[in-house]
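Examining the three-dimensional arrangement
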Amino acid sequence: MSTSTGRTGAAETTVTARYWAGARSAAGVDADVFDVDGPTTLAEVVRRVLAAHPGADVARTIGVCSVLVDDRPAGTDDPAQVVVAPGASVEFLPPFAGG
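Structural notes, computed from the coordinates. Nothing here was measured: the structure is a model prediction, and the numbers come from that model. (Residues numbered from 1 in each chain as written. Predicted model: local features only at pLDDT ≥ 70, side-chain atom pairs only at ≥ 80, totals over all residues. Heavy atoms only, no water.)

1. Remarks on empty space enclosed by the protein
What counts here: Site definitions follow a grid-based scheme: protein atoms alone, a 1 Å grid, a 1.4 Å probe that fits but cannot get out for cavities, and for pockets an open set with protein on both sides within 12 Å along at least five of seven lines, plus lining residues having an atom within 4 Å of a point. Grid points are joined across faces, edges and corners, and a volume is the space filled by probe spheres set on the points. Secondary structure elements follow DSSP: runs of H or I of four or more residues count as helices, runs of E of two or more count as strands, with numbering from the N terminus. Three categories are distinguished: nonpolar for Ala, Val, Leu, Ile, Met, Phe, Trp, Tyr, Cys and Pro, charged for Asp, Glu, Lys and Arg, and polar for the others, with Gly belonging to the last.
With the rule as written, the count across this model stands at 1 cavity of 30 Å³ or more. There is about 30 Å³ of room inside the largest cavity. Looking at the largest cavity, the residues that line it are V15, F34, V36, T40, E44, V45 and R48. Examining the composition of the lining of the largest cavity, we find that 3 residues originate from one element, helix α2 (residues 42-52), more than from any other. Here the residues of the lining of the largest cavity sort into 4 nonpolar, 1 polar and 2 charged.

See the structure below:
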């Protein structure tokens, strides 16, 4: 895992996973930054999130999250088919109560 974040104009070599609300609580951090060699998939990002935060709480929470890839909803797309480019952010948003 890398600690570098932000878009500098140089060739990006990371993907940032950001956690909101209950996902943040389960992971214990606001975000993780993963090194990548090129485009990856949402399935791979999720695999790396779960490897970085082993345990049922994170797995259960991530499993019910809405996911945005660079501010675009991944919706019901197959995570193995969703391309995540270097420099992208993947946001994990658990269901919210209230209104």
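So, next bit.
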